[in-house]
Amino acid sequence: MKRHLAQLNIATLRHPIDDPRIADFADALPVVNGAGEESAGYVWRLQSDGGDATDIQVFDDPLIIVNLTVWESLEALKAFAYRGVHRDFFRRRAEWFVEGASRTALWWVPAGVLPTTDDAKRRLDFIDVFGPSPYAFTMGQNQPALAMDRVGIDDARVQELREHLDDELLADDSRRVVVAELDDVPVACGAYRALDGTTAEIRRMYVAQSARGLRVGAAIVAELETAARADGMQRLLLETWPRQLDALEQFGFRHCPRWAEPTLSPDSAFLEKTLTAEPSRLA
């Protein structure tokens with residue numbers, strides 16, 4: 001499957017966008033955005049009817065502005081960012097933005113799929129909690145291409161990894177499956193099933209040895225949580241090995257009473273997380 005690169009950049013203005021001290025920045029936006037759209041490898045950018053994203057408020061602070069774009073490749077994004085009019089624009093950033101308040105996140109999406117601002121915020125949160133990884137990284141990094149897909153049980157990649165999952169779970173029509181590919185090779189999967197109209201259970205996850213240490217398991221959990229929220233779930237449960245508690249607590253999971261007999265170990269930990277209507281920070 002062809003992939004494109006999504007990119008989010010946020011920065012905090014020193015003054016409101018209509019302040020005269022920000023005028024050079026505001027006046028140059030049409031030129032810079034136009035140059036981006038004419039660049040090789042450009043696919044899409046977030047914009048309002050005004051032609052840019054400065055009036056799209058994503059964070060509580062109205063001075064935080066977002067730039068969300070999609071490119072055919074990392075090379076295409078870098079060519080635009082570090083050359084020509086954008087390079088000159090970028091060099092003046094200290095005049096307009098609070099130093100140290102800028103943040104970026106890059107990640108791969110299927111070609112034709114456009115990221116949302118909620119997607120972008122989740123990737124920023126992931127970097128905050130787990131550090132840069134193939135799931136969410138920054139411009140200065142060279143990460144393997146990690147692609148996450150929500151698929152059906154009949155997807156060929158699920159069948160390839162099926163031996164590592166729970167057959168009972170995969171036979172249940174209420175399940176959802178997420179598959180991760182690293183440089184086009186299926187390396188991980190996870191699934192959940194709905195226990196009732198508001199509660200879902202993550203039953204099994206698997207990460208191949210070749211992908212361990214890259215936060216792929218954490219990425220699977222993040223995607224399953226997002227899928228569960230989109231399906232209207234309000235509570236997410238899982239059983240885990242004790243050694244995995246620290247990572248899952250970073251996601252905001254907390255201990256809860258056992259709801260079933262342990263399937264992993266007599267010492268299994270049973271965890272739950274309340275899912276808010278809007279995506280929140282991981283922890």
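One structure accompanies this document, and this report is about it.

Calculation rules
Residues numbered from 1 in each chain as written. Predicted model: local features only at pLDDT ≥ 70, side-chain atom pairs only at ≥ 80, totals over all residues. Heavy atoms only, no water. 1 Å grid on protein atoms, 1.4 Å probe; cavity = no way out; pocket = protein on both sides within 12 Å on 5 of 7 lines; lining within 4 Å. Points joined across faces, edges and corners; volume = space filled by probe spheres on them. Helix = DSSP H or I, 4+ residues; strand = E, 2+ residues; numbered from the N terminus. Nonpolar A, V, L, I, M, F, W, Y, C, P; charged D, E, K, R; others polar. Buried < 20%, exposed > 50% of the residue type's maximum accessible area, 1.4 Å probe, protein only. Contact = heavy atoms within 4.5 Å. Pairing = 2+ DSSP bridges. Right-handed = clockwise from strand over helix to strand, strands pointing away. Axes fitted to C-alpha atoms, helices over the stretch in contact; angles between N-to-C directions. Parallel < 35°, antiparallel > 145°, perpendicular 65-115°, else oblique. Left-handed = near helix turned anticlockwise from the far one by under 90°.

Turning our eyes to something else, we now look at empty space enclosed by the protein. Counted by the stated rule, this structure contains two cavities of 30 Å³ or more. Lining the second largest cavity, in full, are Glu 201, Ile 202, Arg 203, Arg 204, Glu 239, Thr 263 and Leu 264. It is strand β8 (residues 199-207) that contributes the most residues to the lining of the second largest cavity, four residues altogether. Residue composition of the lining of the second largest cavity, by class: two nonpolar, one polar and four charged.

With that settled, consider the side chain of Glu 225. With respect to the helices and strands, Glu 225 occurs in helix α8 (residues 216-230). The exposure class assigned to Glu 225 is buried, which follows from its relative accessible area of 5%. Excluding residues within four positions of it along the chain, Glu 225 makes contact with Leu 236, Phe 251, Lys 273 and Leu 275.

Glancing now at the pairing of β8. β8 sits mainly inside the fold: seven of its nine residues count as buried. Sheet analysis places strand β7 (residues 185-194) next to β8, joined by seven bridges and oriented antiparallel. Within β8, the position partnered with Tyr 192 by the bridge is Ile 202. Here β8 runs beside strand β9 (residues 235-240); their pairing, made up of four bridges, is parallel. When the bridges of β9 are listed, Ala 200 appears paired with Leu 236. One crossover worth recording links β8 to the parallel β9 by way of α8, and it is right-handed.

With that out of the way, let us pick up the sheet that holds strand β1 (residues 3-12). One open sheet holds the four strands; their spatial order is β2-β3-β1-β4, and the pairing between them is antiparallel. Strands at the two margins of the open sheet, each flanked by one partner only, are β2 (42-45) and β4 (103-110). Within the sheet, the average angular offset between the axes of one strand and its neighbour, ignoring direction, is 20 degrees. Two elements, β1 and strand β3 (residues 64-71), share eight bridges in a ladder whose sense is antiparallel. When the bridges of β3 are listed, Leu 5 appears paired with Trp 71. Contacts from helix α5 (residues 117-130) reach β1, β3 and β4 within the one sheet, and its direction differs from that of β4 by about 120 degrees.

The next subject is the packing of helix α1 (residues 23-37) against helix α3 (residues 84-91). Helices that pack against each other are described as a pair by the angle of their axes relative to one another and the distance between those axes. Contact geometry for α1 and α3: axes closest at 9 Å, N-to-C directions at 150 degrees. On the basis of their axis angle, the class for α1 and α3 is roughly antiparallel. For the pair α1 and α3, the crossing hand works out as left-handed. In contact with Phe 25, Ala 28, Leu 29, Val 31, Val 32 and Ala 35 of α1, α3 contributes Val 85, His 86 and Phe 89.

Worth remembering: the numbers are spatial, not functional.
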